[in-house]
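# Notes for the structure review
Now for the letters of each chain:
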Protein chains: 2
Amino acid sequence: MLVAASDLERFIRQAFEALGLPGADAERLGVLITRADLYGADTHGVFRMPQYASRLRRGAVNRQPNIRVIKETVGTAVVDGDNGMGHLVVERATEIAIDKAERTGIGWVGVRESNHAGPGFLYARMPLARDMIGIYMAVGSSNHMPPWGGVESLLGTNPIAVAVPGLEGPPFVLDMATSVSSFGRIRVKQQRGEPLPEGWLVDREGKPITDSKRADEGLLVPIGGPKGSGLALMIALLAGTLNTAAAGREVVDFNKSSEPTNTGHAFAALKIAAFDDVLAVKRRVDALLRDIAASEPVPGGDGVRVPGARGEALYRERVAGGIPLHPKLVDSLRTLASELKIAAP
Amino acid sequence: MLVAASDLERFIRQAFEALGLPGADAERLGVLITRADLYGADTHGVFRMPQYASRLRRGAVNRQPNIRVIKETVGTAVVDGDNGMGHLVVERATEIAIDKAERTGIGWVGVRESNHAGPGFLYARMPLARDMIGIYMAVGSSNHMPPWGGVESLLGTNPIAVAVPGLEGPPFVLDMATSVSSFGRIRVKQQRGEPLPEGWLVDREGKPITDSKRADEGLLVPIGGPKGSGLALMIALLAGTLNTAAAGREVVDFNKSSEPTNTGHAFAALKIAAFDDVLAVKRRVDALLRDIAASEPVPGGDGVRVPGARGEALYRERVAGGIPLHPKLVDSLRTLASELKIAAP
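This structure is a prediction, so every number in the text was calculated from the model and none was measured. (Residues numbered from 1 in each chain as written. Chains lettered and ligands numbered in written order. Predicted model: local features only at pLDDT ≥ 70, side-chain atom pairs only at ≥ 80, totals over all residues. Heavy atoms only, no water.)

Attention now moves to the sheet that holds strand 5 (residues 132-138) of chain B. If you walk across this open sheet you meet the seven strands as 2-3-4-10-5-6-7 (chain B), and the pairing is mixed. Two strands bound the open sheet, and with one partner strand each, they are strand 2 (68-72) and strand 7 (172-176) of chain B. Neighbour-to-neighbour, the strand axes of this sheet turn through a mean angle of 15°, independent of strand direction. Inspection of the sheet shows strand 3 (residues 76-80) of chain B paired to strand 4 (residues 106-114) of chain B by five bridges, in the parallel sense. In the strand pairing of strand 4 of chain B, D80 of chain B is matched with R112 of chain B. Contacting strand 5, strand 6 (160-164), strand 7 and strand 10 (263-271) of chain B, helix 7 (residues 226-240) of chain A crosses the sheet at an angle of about 135° to strand 7 of chain B. (Pairing = 2+ DSSP bridges. Helix = DSSP H or I, 4+ residues; strand = E, 2+ residues; numbered from the N terminus. Axes fitted to C-alpha atoms, helices over the stretch in contact; angles between N-to-C directions. Contact = heavy atoms within 4.5 Å.)

Listed below in structure tokens is the structure:
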């Protein structure tokens, strides 16, 4: 089923209004969550609505948060999200980082008391229009990954997203988990009864799990072994610990608990004009990304792809032709719509 | 052979003096390069002296550079290294970032016209004593890694190093390449006639190379496939392109060429007091790292290790008992010493 972006936005806005959020916040969530789907983040956009709704109805997320700066220097700030929807909190943090970068060349904002905020590229992309680079990190909303060498899940998929603007070409947009696979992708394989590629999940003996029916005993594998584990811990420290947000054992599984998650994020904006002429930098970005995209592919492979290119293509396609929704997702959104007494998308 | 740190420092200082560097610069290089060995970076410390000497003698590196800030804002700077030794250039950049962070909460310094600077942790560790976090990125000094899906080596091992101070426990110090293995480790396997683990190198068809004799046809594999490739490209953009330093096809192989490499780096210092009480943050860092280190290990594995712990242990060991040098390295340093008419270590 294909849904027009405007209809999806309308549905999301009405859903949040029905859940008790102020109109302006509900509208902003409609825009941001729909944008996630437009760029192809199919497991991080409207797909999450039933989960968000469930947490709001359980009182696990604050409907009317007082999102505020609790500490500030010329180049930095700490934002307390007052347990509001993560999208609203991180967008505010991003705006503050951009304002600071405008004046000081760089702005870095730490976030505490936030929640799941959708895909990181939403925020990393925001400074692009201001000729800035965006860097976003988040502590994952549940721990499914042990530190390298261990079997206790003390780390999340802790993602990083970075966006760098081009001039004529598309921007560079990297948005990645520090685990080989997310649990979302594993759930999809499980649903379809497909086996898991080796290297995604291991059991408590460190042995690969490929039977997707056994996914729930599995531990996520970090990219590059100790390296991905180190990156996930680095993000836990920068986005979590530094901001008095949850990290390690403090992380609350947002699927299972009704407690506040105290999710941490970090956002940095870098003003390109602080480094060189903006046009010159953007031309060099174009040239580098063009060289990468045009380089010789592995014979018989899928070709060389620049991070962000697929998202750009999907965005154009979906703005024009609508957003494809899986029948199971449509069902769950219809159920939610009827519960909230609003029109389904 | 075990060498005292002071003797290694003396050797390195005298070598650089003999190569025409000012005394103060030679002394600083002695300290920094020895420090790399003290912390266990056996392929990035004194091991590189013959290579550094060769480039200096070929006139490929500037003996008396005018390292200077060419652009500056409140929170950022661009440092031009004037093709000097990378260690001197990056140390200067780090000092500037720390000064800026002291006043504005964060400092970010981009570097151009630099050279190979040894292991990144040297710089990432520098802000620790000032109660700051250090973040370092560098464009690798040769391209051995293709972008994911490709076979043209347009990326280096582009490393990132991050250090976060603890209170009573050791700091978190991550220092990693974005490739599964460095070429240095592969050369060691080659020298010993050992096979390569699958996943380190592939041929131009994308098939694994495990015969270390075939290493020179090999392409490095990024961690996590497209993810490591994306991280390497992100670092090329932030440490290279943004600072008018080399990236992609512009990268000059420092082993093969006598041209300036125009190596790029990026350094950020984050002042902890801008986020929360310093002692409180450090206590939380201690607690998180302790939880990780004490977590249940994979049965029969090597245990759970916190990034930086091995370096700390080696540092203590080597300060007390000396730095072990491989017989082949001792030979090459003796040759260099006799060429430069100085005492060998």
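With that out of the way, let us pick up the pattern of salt bridges. On inspection of all chains with the given rule, the structure shows 38 salt bridges over all chains. Measuring nitrogen to oxygen at the nearest pair gives 3.8 Å for the salt bridge that ties R214 of chain A to D203 of chain A. Residue R214 of chain A is found in the loop between strand 8 (201-202) and strand 9 (219-220), and its partner D203 of chain A is found in the loop between strand 8 and strand 9; the two are separated by 11 residues along the sequence. Given the relative accessible area of 30%, R214 of chain A is considered partly exposed. Residue R68 of chain B pairs with D80 of chain B through a salt bridge whose shortest N-O separation is 3.9 Å. Of this pair, R68 of chain B sits in strand 2 while D80 of chain B sits in strand 3, placing them 12 residues apart in sequence. (Salt bridge = Lys/Arg side-chain N within 4 Å of Asp/Glu carboxyl O. Buried < 20%, exposed > 50% of the residue type's maximum accessible area, 1.4 Å probe, protein only.)

Note: α-helices contain 3.6 residues per turn, so residues at a spacing of three or four share the same orientation. Between its first and last C-alpha, helix 7 of chain A extends 20 Å over 15 residues, near the 21 Å set by a 1.5 Å rise per residue. With 14 of 15 residues buried, helix 7 of chain A is to be regarded as a mostly interior element. (Expected span 1.5 Å × (residues − 1).)

We now examine the interface of chain A and chain B. Each partner contributes to the interface: chain A provides 74 residues, whereas chain B provides 74 residues. Here chain A packs against chain B, burying approximately 6200 Å² in sum over the two surfaces, 74% of which is carbon and sulfur. Together, K227, L242 and F275 of chain A form the three largest contributors to the area buried by chain A at its contact with chain B, with a combined 12%. At the junction of chain A with chain B, the criterion picks out four salt bridges. R249 of chain A serves as the salt-bridge partner of D291 of chain B, at 3.6 Å between the closest nitrogen and oxygen. Here chain A is connected to chain B by 20 residue pairs in polar contact (both at pLDDT 80 or more). At the level of secondary structure, the elements contributing two or more residues to the side of chain A that touches chain B comprise strand 3 (76-80), helix 4 (86-104), strand 4 (106-114), strand 5 (132-138), strand 6 (160-164), strand 7 (172-176), helix 7 and helix 8 (278-293) of chain A. When residues in the side of chain A that touches chain B are grouped by element, the largest group, eight residues, is from helix 7 of chain A. A breakdown of the residues in the side of chain A that touches chain B according to their chemical character gives 43 nonpolar, 18 polar and 13 charged. (Buried area = accessible area lost by both parts, 1.4 Å probe. Polar contact = N/O pair within 3.5 Å; in protein donor to acceptor, adjacent residues only side chain to side chain. Nonpolar A, V, L, I, M, F, W, Y, C, P; charged D, E, K, R; others polar.)

A separate point is the packing of aromatic side chains. Scanning the entire structure with this criterion turns up six aromatic pairs over all chains. When the centroid spacing of 5.5 Å and the interplanar angle of 70° are considered together, the rings of Y39 of chain B and F121 of chain B count as edge-to-face. One end of the pair, Y39 of chain B, is in the loop between helix 2 (23-38) and helix 3 (49-57); the other, F121 of chain B, is in helix 5 (residues 121-124), and 82 residues separate them in sequence. Using a relative accessible area of 14% as the deciding quantity, one classes Y39 of chain B as buried. Between Y39 of chain B and Y315 of chain B, the aromatic rings sit 4.4 Å apart at their centres with planes inclined by 20°, giving stacked as the arrangement. Of this pair, Y39 of chain B sits in the loop between helix 2 and helix 3 while Y315 of chain B sits in helix 9 (residues 309-321), and the two are 276 residues apart along the sequence. One aromatic cluster is present, built from ring pairs that chain together Y39, F121 and Y315 of chain A. (Phe/Tyr/Trp six-rings, centres within 6.5 Å; stacked < 30°, edge-to-face > 60°.)

For these two chains of identical sequence, chain A goes onto chain B by a turn of 180° and a shift of 0.0 Å along the axis, with RMSD 0.0 Å. Both chain copies can therefore be described as sitting about a two-fold axis. Looking at chain A, 100% of its interface residues are interface residues in chain B too, so the copies touch through the same face. (Least-squares fit on C-alpha atoms with pLDDT ≥ 70 in both.)

Right, let's talk about helix 10 (residues 327-340) of chain A for a bit. All names here are of chain A. If you check helix 10, its first and last C-alpha atoms are 20 Å apart, about what 14 residues at 1.5 Å a residue would give, namely 20 Å. Of the residues making up helix 10, those classed as buried are L329, V330, L333, L336, A337 and L340. Along the long axis of helix 10, the arc covered by the buried residues comes to 125°, so they all point the same way. Counted as exposed and oriented over 90 degrees from the buried face of helix 10: P327, K328 and S338. (Arc of directions from axis to C-beta.)

It is worth spelling out the sheet that holds strand 2 (residues 68-72) of chain A at this point. Residues and elements named next belong to chain A. One open sheet accounts for seven strands, arranged 2-3-4-10-5-6-7; its pairing is mixed. On the outer flanks of this sheet lie strand 2 and strand 7, each paired with one strand and no other. Averaged over all pairs of adjacent strands, the angle between their axes in this sheet comes to 15°, without regard to strand direction. This element, helix 4, spans strand 2, strand 3, strand 4, strand 5 and strand 10 (263-271) of the sheet and lies at about 160° to strand 4.

In this section: the pairing of strand 10 of chain B. All names here are of chain B. When you tally the buried positions in strand 10, you get eight out of nine residues, the bulk of the element. Here seven bridges tie strand 4 to strand 10, and the two strands are oriented antiparallel to one another. Paired with S114 across the strands is T263, a residue of strand 10. Note that strand 5 and strand 10 share seven bridges and pair antiparallel. Following the sheet pairing, M137 is matched in strand 10 by A266.

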